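Chain and residue survey
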Amino acid sequence: TQLSYQWHPLLSLGVMGLTNVDDGSGLVSLSLAWSASQSASVSFGSFMSFGDDAFDPVAGFDSEYGLIPRIGYASLSWYF
């Protein structure tokens with residue numbers, strides 16, 4: 001599922017969610033994008049996972065998204 005909202009002509013917000021129905025794990029992403037000028041944009045975001053993070057050498061991972069760490073990012077795009 002993905003939702004986005006243009007809060008202002010220069011600012012947009014977004015949220016995305018992925019889930020694995022077999023093991024109950026999931027991944028949620030939040031994002032913020034700002035159009036800084038006609039030739040530059042800045043975006044920020046994060047990825048957060050939930051689920052079992054156990055690993056068994058014989059059986060493998062207990063969940064698909066449980067071992068993914070929390071990640072944050074910033075991005076600058078410049079168009080010329």
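Note that the structure is a prediction, hence the values are computed from the model and not measured. The residue numbering used here restarts from 1 in each chain and proceeds along that chain's sequence as written. This being a predicted model, a pLDDT of at least 70 is required before a residue's local features are given, and a value of 80 or more before pairs of side-chain atoms are given or counted; all residues contribute to the totals for chains, interfaces and linings. Processing note: side-chain calculations cover all non-hydrogen atoms of the structure and skip hydrogens and water entirely.

**Some thoughts on the overall build of the chain**
Summing up its helical and strand segments, the chain has zero helices and seven strands in all. In terms of overall size, the chain is more extended than a compact globule, its C-alpha atoms giving a radius of gyration of 17 Å where 80 residues would be expected to give roughly 12 Å. Projecting the C-alpha coordinates of the chain onto the three principal axes gives extents of approximately 55 × 20 × 15 Å. Within the chain, the fraction of its 80 residues that count as buried is 21%. Counting from the N terminus, the helices are the DSSP runs of H or I reaching at least four residues and the strands are the DSSP runs of E reaching at least two. It is over C-alpha atoms that the radius of gyration is taken, and the globule rule equals 2.2 Å times the number of residues to the power 0.38. Buried residues are those whose accessible area, probed at 1.4 Å on protein chains only, stays under 20% of the maximum for their type, while exposed residues exceed 50% and partly exposed ones sit between those limits.

**Re the side chain of Asn20**
Within the secondary structure, Asn20 is located in the loop between strand S2 (11–19) and strand S3 (26–37). Any two residues whose heavy atoms approach within 4.5 Å at even a single point are treated as in contact. Beyond its immediate chain neighbours, meaning those up to four positions away, Asn20 contacts Ser25, Glu64 and Tyr65.

**Let's talk about the side chain of Ser25**
Here Ser25 is to be found in the loop between S2 and S3. Contacts of Ser25, omitting those with residues within four sequence positions, involve Leu18, Thr19, Asn20, Phe50, Gly51, Ser63, Glu64, Tyr65 and Gly66.

**Focus on a nonpolar patch on the surface**
Distance thresholds for patches are 9 Å for like charges and 5 Å for nonpolar side chains (Val, Leu, Ile, Met, Phe, Trp, Tyr), applied to residues having over 30% relative accessible area and no salt bridge. Where accessible areas are quoted, they stem from the Shrake-Rupley method and a 1.4 Å probe; at the residue level, only the protein chains shown are allowed to cover. Here, a salt bridge means any Lys or Arg side-chain nitrogen found within 4 Å of an Asp or Glu carboxyl oxygen. A contiguous nonpolar patch, built from Leu3, Val15 and Leu30 and spanning about 250 Å² of accessible area, is present on the exposed surface. Here Val15 is to be found in strand S2. The class for Val15 is partly exposed, based on a relative accessible area of 32%.

**Focus on the sheet that holds strand S4 (residues 40–50)**
Two strands in a sheet stick together by hydrogen bonds in their backbones, pointing the same way (parallel) or opposite ways (antiparallel). DSSP-based pairing: two strands are paired if at least 2 bridges between them are found. Strand order in this open sheet of five strands is S1-S2-S3-S4-S7, and the pairing throughout is antiparallel. The sheet is open, and its two edges are formed by strand S1 (2–8) and strand S7 (71–78), each paired on a single side. Each neighbouring strand pair of the sheet contributes to a mean axis angle of 15°, computed without reference to strand direction. Taken together, the six bridges between S1 and S2 define a ladder with antiparallel strand orientation. A fitted line through C-alpha atoms serves as each axis, taken over the contacting stretch for helices, and the angle formed by two N-to-C directions is quoted from 0 to 180°.

**What to know about the packing of aromatic side chains**
Planes of paired rings set the category: under 30 degrees apart is stacked, over 60 is edge-to-face and the rest tilted, where pairs are Phe, Tyr or Trp rings (Trp by its six-membered ring) whose centres lie within 6.5 Å. Applying the stated criterion across every chain, the model contains two aromatic pairs. A ring pair is formed by Trp78 and Phe80, whose centres lie 5.3 Å apart and whose planes are at 45°; its orientation type is tilted. An identical accessibility class is assigned to Trp78 and Phe80; each is exposed.

**Notes on a negative patch on the surface**
Residues Asp22, Asp23, Asp52, Asp53, Asp56, Asp62 and Glu64 make up a contiguous surface patch of negative charge. Here Asp53 lies in the loop between S4 and strand S5 (55–56). Neither His nor the chain ends contribute to the count of charged residues, in which Lys and Arg are positive and Asp and Glu negative. To locate a charge, take atom NZ for lysine, CZ for arginine, CG for aspartate or CD for glutamate.

**Side note on the environment of Trp34**
Structurally, the position occupied by Trp34 is in strand S3. Each C-alpha atom, one on Trp34 and one on His8, is 9.3 Å from the other, the two residues being 26 residues apart in sequence. Apart from residues lying up to four places away in sequence, Trp34 is in contact with Leu10, Leu11, Ser41 and Val42.

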